[in-house]
Amino acid sequence: MTALNLTADISAAQAKKDRELYDATPSMALTPMQMIDRAAMSGASPETLDKLMTLQERWEKNEALKAFNTAIADAKAEIKPIARNKTGHNNMRYADMAAVANCVDGILSAHGLGYRYRSTQDDKIHVTCILFHRLGHSEETALGAPADTTGSKNVVQAIGSTVTYLKRQTLGLVLGLSAGDDDERLQGLNRAEPDFGP
């Protein structure tokens, strides 16, 4: 067998192997972005490209929602019951904001999740907790309550006490955590928040 024939045989065998590998590989559905690339290369009209861009946006939002739901499920499987480390009104035990954050922050971050707050004030104080995922999806929960004027708090302390309380409650709600001893104290009454002192 000549070297030329040997080379041809090797090339034919490699081509057959490549075809078998290609046939055994399942075809992957094109993403909207790949469709946009192909459409642009083939000279598609601006209208067609615009429709494909809208499709891409919907696809990204759906992917972000799926990633968010997966991350939440995985994170909640790791979050342990939060120890009640403070004593409030009537000697009721509760977990303060620091205890909640220490328990959940690292786990949420490991799964691409985070949270932030925004607040407004009218006749009540309103706090919204926004839980977000790194791919862009977010969900939020809001609660409102009057300033906590129990004890000897001044005006600023009364507002701060309620804000702290609502931050803890909204985070627990948006994560689906048990509120424990705090369930019956959402109206800003008979609470003790040590964060701002007596």
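Calculation rules
- The numbers attached to residues start from 1 for each chain and follow its sequence in the written order.
- Only residues with pLDDT of at least 70 get local features here, since the model is predicted, and only at 80 or more are side-chain atom pairs given and counted; chain-wide, interface and lining totals rely on the full set of residues.
- With hydrogens and water excluded, all non-hydrogen atoms of the structure serve as input to the side-chain values.
- Axes here mean lines fitted to C-alpha atoms, for a helix over just the part in contact, with angles spanning 0 to 180 degrees between N-to-C directions.
- Helix and strand assignments follow DSSP, with helices taken as H or I runs no shorter than four residues and strands as E runs no shorter than two, numbered in order from the N terminus.
- What makes a crossing left-handed is the near helix being turned counterclockwise from the far one by less than a right angle; a clockwise turn instead makes it right-handed.
- Residue contacts follow a heavy-atom distance rule, with two residues in contact if any of their heavy atoms lie within 4.5 Å.
- Under the scheme applied, nonpolar residues are Ala, Val, Leu, Ile, Met, Phe, Trp, Tyr, Cys and Pro; charged residues are Asp, Glu, Lys and Arg; polar residues are all the others, including Gly.
- Only Phe, Tyr and Trp rings take part, Trp by its six-membered ring, and two of them pair if their centres are within 6.5 Å. Stacked means planes under 30 degrees apart, edge-to-face means over 60, and tilted covers everything else.
- Among buried residues, those of type Ala, Val, Leu, Ile, Met, Phe, Trp, Tyr and Cys that are joined through side-chain atoms within 4.5 Å constitute a nonpolar core.
- Throughout this description, buried means an accessible area under 20% of the type-specific maximum (1.4 Å probe, protein chains only), exposed means over 50%, and partly exposed covers the range between.
- Think of a patch as exposed residues, more than 30% relative accessible area, with no salt bridge, where like charges cluster within 9 Å and nonpolar side chains (Val, Leu, Ile, Met, Phe, Trp, Tyr) cluster within 5 Å.
- The method behind every accessible area is Shrake-Rupley, applied with a 1.4 Å probe, and residues are considered shielded solely by the protein chains displayed.
- The rule for a salt bridge is simple: a side-chain nitrogen of Lys or Arg has to be within 4 Å of a carboxyl oxygen of Asp or Glu.
- When charges are counted, Lys and Arg are positive and Asp and Glu negative, with His and the chain ends excluded.
- Charge positions come from single atoms, namely NZ of Lys, CZ of Arg, CG of Asp or CD of Glu.
- Here the rule is simple: two strands pair whenever DSSP picks up at least two bridges between them.

Asker: How would you sum up the packing of helix α4 (residues 97–110) against helix α5 (residues 155–175)? Please name residues and give values.
Answerer: Contact geometry of α4 with α5 gives a least axis separation of 11 Å together with a crossing angle of 35°. Judged by the twist between their axes, the crossing of α4 over α5 is left-handed. Residue-level inspection shows M97, V100, V104 and L108 of α4 in contact with α5, the latter providing T164, K167, R168, L171 and L175. Taken together, the residues of the contact of α4 with α5 break down into six nonpolar, one polar and two charged.

Asker: Describe in detail the environment of A83, supporting the description with residues and values.
Answerer: Mapped onto the elements of the fold, A83 is located in the loop between α3 (46–78) and β1 (86–87). A sequence separation of 16 residues divides A83 from A99, and the C-alpha atoms of the two residues are 7.4 Å apart. Not counting residues within four places of it along the chain, the set of residues in contact with A83 comprises A95 and A99.

Asker: With reference to specific residues and values, describe the packing of aromatic side chains.
Answerer: Applying the stated criterion across every chain yields a total of one aromatic pair. Taken together, a centroid distance of 5.9 Å and an interplanar angle of 80° make the contact between Y115 and Y117 edge-to-face.

Asker: Account for the nonpolar core, naming residues and giving values.
Answerer: Of all hydrophobic cores here, the largest spans 21 residues; its most connected members are V104, L108, L113, Y115, L131, L171 and L175. Broken down by element, the residue count for this core peaks at eight residues, all from α4. I125, A145, Y165 and L166 belong to the second largest nonpolar core, which has five residues in total.

Asker: Summarise a negative patch on the surface; cite the residues concerned and give the values.
Answerer: On the surface, E47, D50, E57 and E60 cluster together into a negatively charged patch. Its place among the elements puts E60 in helix α3.

Asker: Please set out the pairing of strand β5 (residues 138–145) residue by residue, giving values where relevant.
Answerer: Note that strand β4 (residues 125–133) and β5 share eight bridges and pair antiparallel. Considered in β5, the bridge of F132 is made with S138. Here β4 hands over to β5 after four residues, with G136 in that stretch at a positive phi of 115°.

All we've got here are geometric facts, nothing functional implied.
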